[in-house]
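The chain contents come next:
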Amino acid sequence: MSANVSYIPRTKGFLYLSTILHEPLVSLYPLLAFILTKSMGAVAFQIVLFTMLKPVASIFSFYWSELVSQNRHTLKTNLLGAGLLARLPFLFAIFTGNVWAIILGSTLYMLFVRAAIPAWMEMLKLNLPKSVRERVFSVSSVLGYAEGALIAIALGSLLDHDTAIWRTLFATALGLGIVGVFIQVCMPIREGKPYNNGPIEKAPISVKEAILQPWRDGIRLMRTRCDFRRFQWAFMVGGFGLMIIQPVLPIFFAETLNISYRDLMIAYSICKALGFVLTSTLWAKAMSRISISAFTALVLVGFSLYPVLIILGQFSILWVFISYLIYGVAQAGSHLIWHLSGPIFAQEEQSARFSGVNIMMIGVRGTIGPPLGGLFAYLLGPIAVLGISSVLCLSGTISMLHKVPQRLRTHF
């Protein structure tokens with residue numbers, strides 16, 4: 001136990017500092033689609049492609065995460081490589097002034113940022129015992145969201161006054177993120193006992209097998225773990241509801257609601273951060289007291305309210321602020337359960353493959369959701385798409401609350 005205790009304060013320091021350094025870009029990134037629409041003249045097709053490629057990139061992130069699941073000793077190498085590849089191409093792209101280059105750079109950013117998650121979660125799992133893991137991770141998330149709110153206060157009016165400054169802001173945030181990656185890599189890792197499922201020496205395989213095997217492993221994992229499969233399908237349905245509105249929101253905000261950068265930053269960062277910060281501790285406590293089914297259902301109920309309140313934004317900007325306040329509440333729970341579901345479900349096994357399946361499922365729904373949302377918006381209008389989004393989130397809730405066989409309830 002003493003070895004664990006000695007690692008806990010050091011791990012907290014590395015986690016909190018890296019979160020602070022990563023947060024500026026996390027706060028600015030949601031504005032990118034709005035910037036492309038309002039300031040760079042991006043057309044609807046480019047916005048649909050932009051919103052689609054972000055989650056689709058997760059499919060390729062899944063392959064990177066498979067490297068992590070094979071060998072604990074490559075955790076830092078994978079984290080460093082993914083962290084740099086996420087930010088350096090994006091840094092170059094924002095100064096080209098070309099919409100297509102920015103779409104490519106942002107896609108690479110999402111690909112490798114998500115690819116780094118399994119390695120980072122595994123490092124935290126090794127250093128932090130379960131008794132403190134949720135609380136420490138929750139505190140780091142609160143720090144990040146609080147910082148995002150301060151950034152929004154400082155930068156919202158600045159962007160309205162001088163739109164061109166967005167490139168400087170993104171470049172600075174990317175530079176801080178690179179420093180954050182090196183901070184993460186410098187964190188010492190506690191040596192742990194071998195896992196039940198690792199590592200196994202494998203013979204060289206063909207390119208075809210290298211492509212197909214991670215999918216087979218992920219599908220096999222969900223087939224053998226009914227609890228994990230139900231969790232993934234609930235998140236799949238609810239997440240799909242959020243995916244279909246991604247290409248709709250930038251256009252709806254810019255053309256229908258005519259929101260300013262200041263108001264958008266207030267909604268994106270301040271209101272969302274307020275909901276996140278005020279409830280993050282409650283979600284962390286709930287995670288240890290209620291079942292994963294109930295926890296996930298509550299998250300999806302919050303997400304189902306979000307698009308309905310955005311529709312009401314036609315009557316007053318106040319509804320948009322409230323929608324992001326509710327989104328922040330739901331996001332606080334989602335952030336915990338999505339990131340920590342790998343270690344939770346893995347128990348004594350290696351967690352990277354569980355986390356990798358999370359990433360894979362983002363890619364699957366991201367391949368279909370945004371283009372389908374764009375098509376629905378063209379055929380039915382943006383308000384109908386927002387309504388469909390709410391229904392899908394509620395459907396995920398219902399599937400999670402459906403009666404579970406007695407033999408599976410221990411996992412829920």
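For every chain, the first residue of the written sequence is number 1, and numbering continues from 1 along that sequence. The model is predicted, so local features are restricted to residues of pLDDT at least 70 and side-chain atom pairs to those at 80 or more, both for listing and for counting; the totals for chains, interfaces and linings are taken over all residues. Only hydrogens and water are removed before side-chain values are computed, so all heavy atoms of the structure are retained for them.

Undergrad: What's the story with the overall build of the chain in this structure? I'm lost.
TA: Within the chain, the regular secondary structure consists of 16 helices and zero strands. Considering the chain as a whole, with its 412 residues, one finds that 57% of them fall into the buried category. We call two residues in contact whenever any of their non-hydrogen atoms come within 4.5 Å of each other. Intrachain contacts of the chain at a sequence separation of at least 6 include 86% that bridge at least 24 residues. Note on areas: Shrake-Rupley with a 1.4 Å probe; residue coverage comes only from the protein chains shown. By element, 69% of the accessible surface of the chain is carried by carbon and sulfur atoms, the whole surface being about 17300 Å². The way it works is that DSSP assigns letters per residue, a run of H or I at least four long becomes a helix, a run of E at least two long becomes a strand, and they are numbered from the N terminus. Type-normalised accessible area, obtained with a 1.4 Å probe on protein chains alone, sets the label of each residue: buried when under 20%, exposed when over 50%, and partly exposed for intermediate values.

Undergrad: Is there a simple way to explain the environment of Y29 in this structure?
TA: Note that Y29 resides in the loop between α1 (2-28) and α2 (32-38). On the basis of relative accessible area, Y29 is assigned to the buried category, the value being 9%. Between the alpha carbons of Y29 and S106 there is a distance of 8.8 Å; along the sequence they are 77 residues apart. Once you skip the residues sitting within four places of it in the chain, Y29 turns out to touch F50, K54, F90, S106, Y109, M110 and F170.

Undergrad: Just to check I follow, could you spell out the nonpolar core for this structure?
TA: Most often, soluble globular proteins have nonpolar side chains that are buried together. Definition of nonpolar core: a set of buried residues of the types Ala, Val, Leu, Ile, Met, Phe, Trp, Tyr and Cys, connected through side-chain atoms within 4.5 Å. Counting 115 residues, the largest nonpolar core has F90, F170, F253 and Y324 as the members making the most contacts within it. Beyond its immediate sequence surroundings of up to four residues, Y324 is in contact with L249, F253, A267, Y268, C271, K272, Y306 and I310.

Undergrad: Looking at this structure, how should I read the packing of aromatic side chains?
TA: The criterion for an aromatic pair is that two Phe, Tyr or Trp rings (for Trp, the six-membered ring) have centres within 6.5 Å, with stacked assigned to planes under 30 degrees apart, edge-to-face to planes over 60 apart and tilted to the rest. Throughout the structure, instances matching the rule amount to 14 aromatic pairs. Judged by centre distance (6.4 Å) and plane angle (50 degrees), the rings of F253 and Y324 are tilted. Of this pair, F253 sits in helix α11 (residues 248-257) while Y324 sits in helix α14 (residues 317-346), placing them 71 residues apart in sequence. Each member of the pair, F253 as well as Y324, is classed as buried. Note on Y324 and Y327: the rings are 6.1 Å apart at their centroids and 50 degrees apart in plane angle, and the pair reads as tilted. Here Y324 pairs with Y327, and both are found in helix α14, just three residues apart, close to one helical turn. Side by side, Y324 and Y327 carry an identical accessibility label, which is buried. Within the aromatic cluster, the residues linked to one another by ring pairs are Y29, F50, F90, Y109, W166 and F170.

Undergrad: How do you make sense of unusual backbone geometry when you look at a structure like this?
TA: Leaving glycine out, the prevailing phi sign among residues is negative, and the prevailing peptide bond configuration is trans. One non-glycine residue, N258, lies in the positive phi region at around 50 degrees. For N258, the position within the fold is in the loop between α11 and α12 (261-287).

Undergrad: Would you take a moment to explain the packing of helix α4 (residues 75-93) against helix α5 (residues 99-115) for this structure?
TA: Packed helices, taken two at a time, are described by the angle their axes make and the gap between the axes. Lines fitted to C-alpha atoms define the axes here, with helix axes fitted over just the stretch in contact, and angles between the N-to-C directions of these axes take values from 0 to 180 degrees. Direction vectors running N to C along α4 and α5 enclose 165 degrees, while the axes themselves pass 8 Å from each other. Considering their axes alone, α4 and α5 lie roughly antiparallel with respect to each other. In this structure, the crossing between α4 and α5 has a hand that is left-handed. Together, A82, L85, A86, R87, P89, F90 and A93 of α4 and A101, I102, G105, S106, L108, Y109, F112, V113 and A115 of α5 make up the contact between the two elements. Polar here means any residue outside two lists: the nonpolar Ala, Val, Leu, Ile, Met, Phe, Trp, Tyr, Cys and Pro, and the charged Asp, Glu, Lys and Arg; Gly therefore counts as polar. Looking at side-chain class alone, the contact of α4 with α5 contains 13 nonpolar, two polar and one charged residues. An angle below 35 degrees is read as roughly parallel, one above 145 as roughly antiparallel, one from 65 to 115 as roughly perpendicular, and any other as oblique. Crossings are classed by handedness, with left-handed meaning an anticlockwise turn of the near helix from the far one by less than a right angle and right-handed meaning a clockwise turn.

Undergrad: For this particular structure, what's the right way to read a nonpolar patch on the surface?
TA: In this scheme, patches are assembled from residues that exceed 30% relative accessible area and form no salt bridge. Like charges are connected within 9 Å, while nonpolar side chains (Val, Leu, Ile, Met, Phe, Trp, Tyr) are connected within 5 Å. By definition here, a salt bridge exists when the distance from a side-chain nitrogen of Lys or Arg to a carboxyl oxygen of Asp or Glu is within 4 Å. Nonpolar side chains collect at one region of the surface, where L375, Y378, L379 and L380 lie side by side and expose about 490 Å² of accessible area between them. The class for Y378 is exposed, based on a relative accessible area of 70%.

Undergrad: Would you mind going over the environment of F295 with me for this structure?
TA: Along the chain, the position of F295 falls in helix α13 (residues 292-311). Leave out the neighbours within four places in its chain, and F295 touches W283, A286, M287, I290, G333 and I337.

Undergrad: Can you help me understand helix α10 (residues 226-243) in this one?
TA: The α-helix advances 3.6 residues per turn, and as a result positions three or four apart in sequence lie on the same side. End to end, α10 covers 25 Å across 18 residues, agreeing with the expected 26 Å (1.5 Å per residue, within 8%). Most of α10 is tucked away: 15 of the 18 residues are buried. To estimate how far a helix should extend, the number of its residues minus one is multiplied by 1.5 Å.

Undergrad: Before we go on, may I ask you to explain the environment of N98 in this structure?
TA: Examined against the element boundaries, N98 turns out to sit in the loop between α4 and α5. Spatially, the C-alpha atoms of N98 and A42 are 9.9 Å apart, while their sequence positions differ by 56 residues.

Undergrad: Just checking my understanding: could you explain the confidence of the model for the chain for this structure?
TA: Confidence scores here are pLDDT values: one per residue, from the predictor, ranging 0 to 100. Chain-level statistics for the chain give a pLDDT mean of 79 and a share of 83% at 70 or above. When mean pLDDT is compared element by element in the chain, helix α8 (residues 166-185) scores highest at 92, while helix α3 (residues 44-70) scores lowest at 70. Here residues 193-201 is a poorly scored stretch, pLDDT under 50, and it has 14 contacts once near neighbours within four places are set aside; other chains count.

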